[in-house]
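# A closer look at the structure
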Amino acid sequence: MTAASGPAPDPVDALLSAWRTELPDVLRPTTELSKRIVQLAGALDAATRGVLPGLGLTVAEFDILAALRRSGEPYRMKPNELVRALLLSSGGISNVVSHLAGRGLVLREPSPDDGRSTMIRLTPDGVRTAERAVCATADAHEAVFAEASPAAVHAAARALREVGVNRRPVPRSLRTGRNRSRS
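Rules used throughout
Residues numbered from 1 in each chain as written. Predicted model: local features only at pLDDT ≥ 70, side-chain atom pairs only at ≥ 80, totals over all residues. Heavy atoms only, no water. Helix = DSSP H or I, 4+ residues; strand = E, 2+ residues; numbered from the N terminus. Buried < 20%, exposed > 50% of the residue type's maximum accessible area, 1.4 Å probe, protein only. Areas by Shrake-Rupley, 256 points an atom, 1.4 Å probe, with all protein chains shown as cover. Patch = residues over 30% accessible without salt bridge, like charges linked within 9 Å, V, L, I, M, F, W, Y side chains within 5 Å. Salt bridge = Lys/Arg side-chain N within 4 Å of Asp/Glu carboxyl O. pLDDT = per-residue confidence, 0-100. Core = buried A, V, L, I, M, F, W, Y, C linked by side-chain atoms within 4.5 Å. Contact = heavy atoms within 4.5 Å. Axes fitted to C-alpha atoms, helices over the stretch in contact; angles between N-to-C directions. Parallel < 35°, antiparallel > 145°, perpendicular 65-115°, else oblique. Nonpolar A, V, L, I, M, F, W, Y, C, P; charged D, E, K, R; others polar.

## So, the overall build of the protein chain
The helix and strand tally for the protein chain stands at 8 helices and 3 strands. Across the protein chain, helices and strands are ordered from the amino to the carboxyl terminus as α-α-α-β-α-α-β-β-α-α-α. Residue burial in the protein chain is summarised as follows: out of 183 residues, 21% are buried. Summed over its atoms, the accessible surface of the protein chain is roughly 12,600 Å², and 56% of this surface lies on carbon and sulfur atoms.

This is the structure we're talking about:
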């Protein structure tokens, strides 16, 4: 890529070009940004999914292990805290935690604050597994950005922070499928 020629066209450019021809009124200032974010999210998700099987983990297992590890010592959370942190159902969390417990990566233990509730805690093997998985996914994500300069990555992060700061809830009409079109 040279400064004079700019970046080579990519699938998002092709999509935008097609919409410019077919339905130009559908393009908005946010169209390219949203399509590029979706494309990037897909690449990062594929990178994550590419390394987890080598660690013997599913995405849900990784999410739980990572949430527990980043919670700090003693690496434990209540199930409802995991539900909120991961946007999974309580039944889904329970099934994944049972599987992780069976593998010796987490323990269920009584809450020190309330004997009626349970805490999910990483075992020492769970801590090691979580750390290996976080490092592996960080490396995989780094590879996704390998062709971008550090300055471009920092600028993109700053720009995404700026456009994401004032997020508004999605209008009900869009959440229920009314007034929604596919691209």
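So much for the structure itself; the text now carries on.
## Some thoughts on a nonpolar patch on the surface
A surface patch of nonpolar side chains, amounting to about 310 Å² of accessible area, comprises Leu33, Ile37, Leu160 and Val163. Of all the elements in the fold, those that place two or more residues in the nonpolar patch are α2 (31–51) and α7 (150–165). The residue leucine 33 is located in helix α2 in this model.

## Describing the confidence of the model for the protein chain
Overall, the predicted model of the protein chain reaches an average pLDDT of 87, with 86% of residues at or above 70. Confidence, expressed as mean pLDDT per element, reaches its minimum in the protein chain at helix α8 (residues 172–175) with 64 and its maximum at helix α6 (residues 124–144) with 98.

## A look at the nonpolar core
In this structure, Ile64, Leu65, Leu68, Leu82, Leu100, Val106 and Leu122 are the most contacted members of the largest nonpolar core, which totals 23 residues. Broken down by secondary-structure element, the contributors of at least two residues to this core are α3 (59–70), α4 (79–86), α5 (90–102), β3 (118–122) and α6. Here this core takes 6 residues from α3, the largest share from any one element. Beyond its immediate sequence surroundings of up to four residues, valine 106 is in contact with Leu65, Leu68, Val97, Leu100, Ala101, Ile120, Arg121, Leu122 and Thr123.

## Overview of unusual backbone geometry
The omega torsion across glutamate 73 and proline 74 is 10°, close enough to zero to call that bond cis. Mapping proline 74 onto the fold places it in the loop between α3 and β1 (76–77). Despite not being glycine, tyrosine 75 shows a phi value in the positive range, around 60°. With relative accessibility at 14%, the residue tyrosine 75 sits in the buried group.

## Overview of the pattern of salt bridges
All told, the structure shown has 9 salt bridges when counted by the stated rule. With a shortest N-O distance of 2.9 Å, aspartate 13 and arginine 36 are connected by a salt bridge. Residue aspartate 13 is located in helix α1 (residues 11–22), and its partner arginine 36 is located in helix α2; the two are separated by 23 residues in the primary sequence. Its relative accessible area of 25% is what places arginine 36 among the partly exposed residues. Across the pair glutamate 32 and arginine 36 runs a salt bridge, and its minimum N-O distance is 2.8 Å. Of this pair, glutamate 32 and arginine 36 both sit in helix α2, 4 residues apart, roughly one helical turn. Classification of glutamate 32 as partly exposed rests on a relative accessible area of 36%. Salt bridges linked by common partners bring Asp10, Asp13, Glu32 and Arg36 together as one network.

## Quick look at the packing of α3 against α6
Where α3 contacts α6, the two axes come as close as 9 Å, and the packing angle between them is 105°. One finds that α3 runs roughly perpendicular with respect to α6. Taking contact as the criterion, the partners of Phe62, Leu65, Ala66 and Arg69 in α3 are, on α6, Gly126, Val127, Thr129, Ala130, Glu131, Ala133, Val134 and Thr137. Of the residues belonging to the contact of α3 with α6, the class tally is 7 nonpolar, 3 polar and 2 charged.

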